[in-house]
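Structural overview for review
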Amino acid sequence: MKDMTGSRRILRVILISCQLQCLVSLATAGTQSRFLDKIYNSTNLNIPNESNLEGDAATVLQLSEHPLVAGSLKRMKREWVIPHINFPENDRGPYPKFVVKLKSSKEGTVAITYKISGPGADEPPEGIFTVDEQSGVMYVTQQLDREKKAKYILWAHALKETGNAEQPMELTIKIIDQNDNAPEFIQKVFTGRVSESADVDESIMKVTAVDKDDPETNNAIIRYQLKSQTPRLPAEEMFAVNAVSGMISLKGQELDRETHPEYKLIIEAADMMGTGLTTTCTAVIIITDSNDNAPKFTETSMSTSVHENAIGVEVARLKVTDMDELGSPNSNTKYSIIKGNEGGAFNITTGSNKMEGIITTAKGLDFESLFVYKLLVVVTNEEPFSAPVPTSTATVRIQVTDRNEPPVFSPAEVHVTLSEDVRIGTPVVQLKAKDPDTARKQRIRYKLYNDTAKWLSTNYSTGSVIVGSSMDRESQYVRDDKYTVLVLAYDDDVLPATGTSTLVVSLLDVNDEFPVIRQRKASLCNTDPFPARLDIEDLDGPAHAGPFTVELIGGHKMDWNVETNSTSNVVTLYPKRNLSPGDYNVLMRIYDVGGLYQDSTLAVEVCHCQGAVVACFIPRSSIPSFATPLLGSIFGVLLLLLLLLLLLRNRRRVRKEDPLLEDLTRDDIFCYNEEGGGEDDREYDLSQLHRGLDNRPEVFSTDIFPTVQNRPGYRFQIQASEDVGKFIDHNLQAANSDPTAPPYDSLFVFDYEGGRSEVDSLSSIDSSDTDEEQDFESLDQWGPRFSRLANLYAGGSEEEDDDDQTLPGKTEWV
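Just so you know, these numbers come straight off a predicted model, no measurement behind them.

What follows concerns the overall build of the chain. Check the secondary structure of the chain and you find five helices and 45 strands. The buried share of the chain, reckoned over its 814 residues, is 33%. Total accessible area on the chain stands at roughly 49900 Å², and carbon and sulfur atoms take up 52% of it.

Spelled out as structure tokens, the structure:
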């Protein structure tokens, strides 16, 4: 009792406090009545006149000069919070229809003009709300649709001539919803799937409908209902739908995809919690397959045969059927041999269509060991059975047929080791193969199949292998120091069978390859050059290759330096002094670790640059390319002029009637080395035939040997895998460019025959360039020296020499 009394006292205190707060609020509102009267939403369909509005405070919205914060006696320079003005959608009018009246507290003192702004007034959509500028009555001009716009926010303005009479006031007009929209399903047809072995109450799919009406009202609350099911088998109510969520679930049992693979349901959705507007949709439920049917063999017994030693060949195909969905894991089959394959002689796989089993041989069968196999095969599905079902089996009898089998080597791969300089005829290995056909009397023959280098030879009857030719570890036929040969052994059957073995010969290295420089050309700058790094190659193994020693040959030591690195196969080359830009050939001798050496020539390109070569430039004196056509034209014109002058000269000589020599006052013809001239030759002064070099003893006939130059790089041995033609072309080009090779340039001194002759040279004598018959009789007038020539051409007889007509000798360089 005491507790109840205490609680009542507490409640009384709370009620008294609330009453006091209300009185304070009312007092405040009464104090500020000149700023804000009352707000009320009008739903009257008739437009009241202005006098009625002024007498009814419920329809007038008074604008305050200084908006206040509710519940406070202190003025704040901020907007007053105004309650929403409600207006129903789809109102039938008539329009325009009264909404509310705006009234300024200064309306009695100054002329007030009213205006509204915002979306729905002076902004799109424009003209939905209007206001009478003088009276302040606000109207709506057309039906409103809440689904298009749920509320409008406007600003009310009280204006005077000089500006705002009151601060703008925000008006919120909320559209009241009506149930004018039926529910709509988000799709016309819903599709779901359920297994034929699914349990009762298992969820299948969910249907969903939406309503455009106000979700805060019953106008948008939807309920679902199942109207019909097709087919209505095996029961009329196989499915159910949740009225609130729209979830469709399984209600009945005994679904069977093989008889009824699909169901169609009609679902209804109604708003107003199921009593309002309605709509329907179709729900399609597809029954999915479950593995409730076992596959069965079309033949449960069969016989076949296979040749012995056949590996991976097909022996039999076992076909099956399955009532489950074709192509699904419920119908796809797999097979196993449960009996008769203890040795693993056979494999069984599934065919490409997943509905047949293929038996193949896993290894070669031996007719001599076992010639009949009897297999028991069982078939199942990829997917486990959804319920216990009996499986199907088949029996396969396989007969093995005899064939000629190839000889078998033991071991199948033979390894031997030889030195690469082994002598020809050295035994390598004795091969031995055995014929597994014990019942057949056959002889075995041996043959080397892929002895690509032709290094080995075998006895075809005994299988003995010997070295047939010189071997080379660095040959292109050797891989990783091993030379591999395939050996064949075949019998003498009508259809011979061939067995194979591999002979692997490991070759031990001998120092028989010369070291060479890999690069053929290098580029250096002529000023402060970076050394050229050159790589040394030796086809021999590491034991007979580096470290290498390099030295320069002959005069190349004067201009170049080489340095080697004992830890790497790299040599650096650089000049001792600044060289002129150009091309140089440097001859080097490279020694391997065993002292075997070879000379290599490096073409060095010295460029006009400093440090490292970026772009090589070598100044060369040459005619500019643009001058070449011009010079060619000039030479062509000069050549034509020369030919024209020669032609005119020849024609001028033809016009002369007498021989040229008869017009001369002196004919100085000097004859020498004439054969058959007789003893008249002794009458001539032979002192005129002299070398003319008596006062020049330093000139003598001799061979001129060239000065020491860079020799080209001759190669004395062909490289591995190199084309012979390229090797010959290289040495041929080196010989053509070798200035030290004979024949040398030589100085020959010929007899000097005098000088300062007044007659023309004999080379000016021209017979004629025409086809006219020539007169050679005048040759007889030239003395006995020309009598032989006159006799040959003019047909005359040789005459005695006339000393008086012999002319003094003429000197001429020949």
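There is more to say, and it comes next.
Moving on, we get to the pairing of strand β26 (residues 392–401). On β26, burial follows the alternation: Ser 392, Ala 394, Val 396, Ile 398 and Val 400 on one face are buried, whereas Thr 393, Thr 395, Arg 397, Gln 399 and Thr 401 on the facing-out side are not. As judged from the eight bridges shared by strand β25 (residues 372–381) and β26, these two strands associate in the antiparallel manner. What sits directly across from Val 379, in β26, is Ser 392.

Assignment of secondary structure puts Gln 610 in strand β43 (residues 597–610). On the basis of relative accessibility, which here comes to 54%, the residue Gln 610 falls in the exposed class. When the C-alpha atoms of Gln 610 and Pro 529 are compared, they prove to be 6.0 Å apart, with 81 residues separating the residues in sequence. Excluding anything up to four places from it in sequence, Gln 610 contacts Cys 525, Thr 527 and Asp 528. At 2.9 Å, the side chain of Gln 610 forms a polar contact with the side chain of Asp 528.

Moving on, we get to the sheet that holds strand β37 (residues 521–527). Paired through backbone hydrogen bonds, the strands of a sheet run either parallel or antiparallel to each other. With mixed pairing, four strands are arranged side by side in an open sheet as β37-β43-β42-β39. The open sheet has two edge strands, β37 and β39 (549–552), and neither has a second partner. With direction set aside, neighbouring strand axes in the sheet form an average angle of 40°.

Our next topic: the pattern of salt bridges. In total, this model carries 19 salt bridges according to the counting rule given. The shortest N-O distance in the salt bridge between Glu 147 and Arg 146 comes to 3.4 Å. Owing to a relative accessible area of 23%, Glu 147 belongs among the partly exposed residues under this scheme. Judged by relative accessible area, which is 12%, Arg 146 ranks as buried. Measuring nitrogen to oxygen at the nearest pair gives 2.5 Å for the salt bridge that ties Arg 317 to Glu 356. Pair noted here: Arg 317 is in strand β21 (residues 314–321) and Glu 356 is in strand β24 (residues 356–361), with a separation of 39 residues, a long-range link. Arg 317 sits in the partly exposed class, given a relative accessible area of 38%. Counted as one network, the salt bridges with shared partners bring together Glu 314, Arg 317, Lys 319 and Glu 356.

Now for the sheet that holds strand β33 (residues 464–467). Across the sheet, three strands lie side by side as β29-β33-β32; this open sheet has antiparallel pairing. In this open sheet, the two strands that pair with only one neighbour each are β29 (427–430) and β32 (456–458). Neighbour-to-neighbour, the strand axes of the sheet open up by a mean angle of 20°, direction not taken into account.

A few words on the packing of aromatic side chains. This structure, assessed with the given rule, holds eleven aromatic pairs. Both rings, one in Phe 185 and one in Tyr 224, keep their centres 6.2 Å apart while their planes meet at 45°; by these two values the pair is tilted. With Phe 185 in strand β10 (residues 184–185) and Tyr 224 in strand β14 (residues 223–230), this pair connects stretches of sequence that are 39 residues apart. On the basis of relative accessible area, Tyr 224 is assigned to the buried category, the value being 9%. Measuring from ring centre to ring centre gives 5.3 Å for Phe 239 and Tyr 263, while their planes differ by 70°; the resulting arrangement is edge-to-face. Of this pair, Phe 239 sits in strand β15 (residues 239–241) while Tyr 263 sits in strand β17 (residues 262–270); the two residues are 24 residues apart in sequence, bridging distant segments of the chain. Of the residues examined, Phe 239 reaches a relative accessible area of 2% and is grouped as buried. Three or more aromatic residues link up through ring pairs in this structure, and these residues are Phe 185, Phe 190 and Tyr 224. Above the face of the Tyr 152 ring, Lys 149 is positioned so that its terminal group lies 5.5 Å from the ring centre.

Turning next to the side chain of Gln 442. Along the chain, the position of Gln 442 falls in the loop between β30 (433–434) and β31 (444–448). Here Asn 404 takes part through its side chain, which lies 3.5 Å from a polar atom of the side chain of Gln 442. Looking at Gln 442, its side chain comes within polar contact range of the side chain of Asp 435, at 2.7 Å.

Among the nonpolar cores identified, the biggest contains 26 residues, and Val 428, Val 429, Leu 456, Met 471, Tyr 483, Leu 503 and Val 505 are the most heavily contacted of them. Of all the secondary structure elements, the ones that give two or more residues to this core are β28 (413–419), β29, β31, β33, β34 (482–491) and β35 (498–508). In contact with Met 471, other than residues within four places in its own chain, are Leu 418, Glu 420, Val 422, Trp 455, Leu 456, Tyr 483, Val 505 and Leu 507.

It is worth spelling out helix α4 (residues 724–736) at this point. For an α-helix, 3.6 residues make a turn, and residues three or four places apart therefore share a direction. Look at α4: 19 Å from first C-alpha to last across 13 residues, which is about the 18 Å you get at 1.5 Å a residue. Considered for burial, the residues of α4 that qualify are Phe 727, Asn 731 and Ala 734. Down the axis of α4, the smallest arc covering the buried residues is 55°, so these residues share one side. When the buried face of α4 is taken as reference, the exposed residues oriented beyond 90 degrees from it are Lys 726, Gln 733 and Asn 736.

To continue, consider unusual backbone geometry. Here the residue pair Gly 93 and Pro 94 is connected by a cis peptide bond, since its omega of 5° sits within 30 degrees of zero. Summarising the element assignment, Pro 94 is placed in the loop between β2 (85–88) and β3 (97–104). Omega for the bond connecting Pro 124 with Pro 125 falls within 30 degrees of zero, at -5°, which places this linkage in the cis form. In the Ramachandran plot, Asn 90 falls in the positive-phi region, its phi being about 60° despite a non-glycine side chain. Note on placement: Asn 90 falls in the loop between β2 and β3. Judged by relative accessible area, which is 25%, Asn 90 ranks as partly exposed.

Time to look at the state of the cysteines. Taken as a whole and assessed by the stated rule, the structure comprises two disulfides. In this model Cys 525 forms its disulfide with Cys 609; the gap between the sulfur atoms is 1.9 Å. Handedness here is read from the sign of the S-S torsion; for Cys 525 and Cys 609, about -100°, the answer is left-handed. With Cys 525 in strand β37 and Cys 609 in strand β43, the pair connects residues that are 84 residues apart, well separated along the chain. Classification of Cys 525 by relative accessible area gives buried; the value is 2%. Shown here is the disulfide that connects Cys 607 with Cys 616, its sulfur atoms set 1.9 Å apart. Residues Cys 607 and Cys 616 share a disulfide whose torsion about the S-S bond is about -95°; that sign makes it left-handed. Here Cys 607 falls in the buried class, since its relative accessible area comes to 0%. What connects to what in the chain, once the bonded cysteines are numbered by sequence position, is 1-3, 2-4.

What counts, and where the lines are drawn
- Residues numbered from 1 in each chain as written.
- Predicted model: local features only at pLDDT ≥ 70, side-chain atom pairs only at ≥ 80, totals over all residues.
- Heavy atoms only, no water.
- Helix = DSSP H or I, 4+ residues; strand = E, 2+ residues; numbered from the N terminus.
- Buried < 20%, exposed > 50% of the residue type's maximum accessible area, 1.4 Å probe, protein only.
- Areas by Shrake-Rupley, 256 points an atom, 1.4 Å probe, with all protein chains shown as cover.
- Pairing = 2+ DSSP bridges.
- Contact = heavy atoms within 4.5 Å.
- Polar contact = N/O pair within 3.5 Å; in protein donor to acceptor, adjacent residues only side chain to side chain.
- Axes fitted to C-alpha atoms, helices over the stretch in contact; angles between N-to-C directions.
- Salt bridge = Lys/Arg side-chain N within 4 Å of Asp/Glu carboxyl O.
- Phe/Tyr/Trp six-rings, centres within 6.5 Å; stacked < 30°, edge-to-face > 60°.
- Lys NZ or Arg CZ within 6 Å of the ring centre and 35° of its normal.
- Core = buried A, V, L, I, M, F, W, Y, C linked by side-chain atoms within 4.5 Å.
- Expected span 1.5 Å × (residues − 1).
- Arc of directions from axis to C-beta.
- Disulfide = S-S within 2.5 Å.

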